[in-house]
Amino acid sequence: MFSIDLKSRIPIYEQIKNQLLEYIRLGVFKSDEQLPSIRSVSQQTGINVNTVKRAFSDLEDEGVIYTLVGRGSFVSADAADNDSIAQKALKEMETTIRSVKSKGVKKGDLINLVEKIYTED
């Protein structure tokens, strides 16, 4: 279910977090549905439990999931429509776009890249 790219510049916990967000957005995990346990994700991916726990903790801090002691983690009711995640992502993109602009990347090239990425979905 999870695919980790050990050669990626994206930290492993971010890869797990992003994949969980994508699964929630696509409806693989629905509101109030239980997620796989941290330990099972760790075993499946071969990633340290603490790394997986960090991904789950970040998602909990962002209100995407909630944890019930002794029962596990579940998808929050409004997880798919969580505006704070989208706003945070846009803020991160603003920084990245300013950086690539200063390095001479043309607006058209950036737009083409965005179109390509959104077409892949």
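Our structure is the block above this text.
### Some points on the overall build of the chain
Here comes step 1: From N to C terminus, the chain includes 5 helices and 2 strands.
Here comes step 2: Along the chain, helices (α) and strands (β) appear in the sequence α-α-α-β-β-α-α when read from the amino end.
Here comes step 3: The principal-axis extents of the C-alpha atoms in the chain amount to approximately 50 × 30 × 25 Å.
Here comes step 4: Counting all 121 residues of the chain, 25% fall into the buried class.
Here comes step 5: For the chain, the exposed area adds up to about 8,600 Å²; of that, 53% sits on carbon and sulfur atoms.

### Points about the environment of D58
Here comes step 1: Along the chain, the position of D58 falls in helix α3 (residues 49-61).
Here comes step 2: The spacing of D58 and Y13 is 45 residues in sequence and 9.1 Å in space, taken between C-alpha atoms.
Here comes step 3: Apart from the residues lying within four places of it in its own chain, the contact partners of D58 are Y13 and K17.

### Let's talk about the packing of aromatic side chains
Here comes step 1: As enumerated under the stated definition, the model contains 3 aromatic pairs in all.
Here comes step 2: Between F2 and Y23, the aromatic rings sit 5.8 Å apart at their centres with planes inclined by 75 degrees, giving edge-to-face as the arrangement. Residue F2 is found in the segment before α1 (12-26), and its partner Y23 is found in helix α1; the two are separated by 21 residues along the sequence. Residue F2 shares its accessibility class with Y23, and that shared class is buried.
Here comes step 3: Ring geometry for Y66 and F74: centres 5.6 Å apart, planes at 20 degrees, overall stacked.
Here comes step 4: When its relative accessible area of 27% is taken as the criterion, Y66 is described as partly exposed.
Here comes step 5: The exposure class of F74 is buried, given its relative accessible area of 7%.
Here comes step 6: Through pairs of rings, three or more aromatic residues link up here, namely F2, Y23 and F29.
Here comes step 7: If you follow R54 out to its NZ or CZ, it ends over the ring of Y13, 3.7 Å from the centre.

Definitions and limits used
- Residues numbered from 1 in each chain as written.
- Predicted model: local features only at pLDDT ≥ 70, side-chain atom pairs only at ≥ 80, totals over all residues.
- Heavy atoms only, no water.
- Helix = DSSP H or I, 4+ residues; strand = E, 2+ residues; numbered from the N terminus.
- Buried < 20%, exposed > 50% of the residue type's maximum accessible area, 1.4 Å probe, protein only.
- Areas by Shrake-Rupley, 256 points an atom, 1.4 Å probe, with all protein chains shown as cover.
- Contact = heavy atoms within 4.5 Å.
- Phe/Tyr/Trp six-rings, centres within 6.5 Å; stacked < 30°, edge-to-face > 60°.
- Lys NZ or Arg CZ within 6 Å of the ring centre and 35° of its normal.

All we've got here are geometric facts, nothing functional implied.
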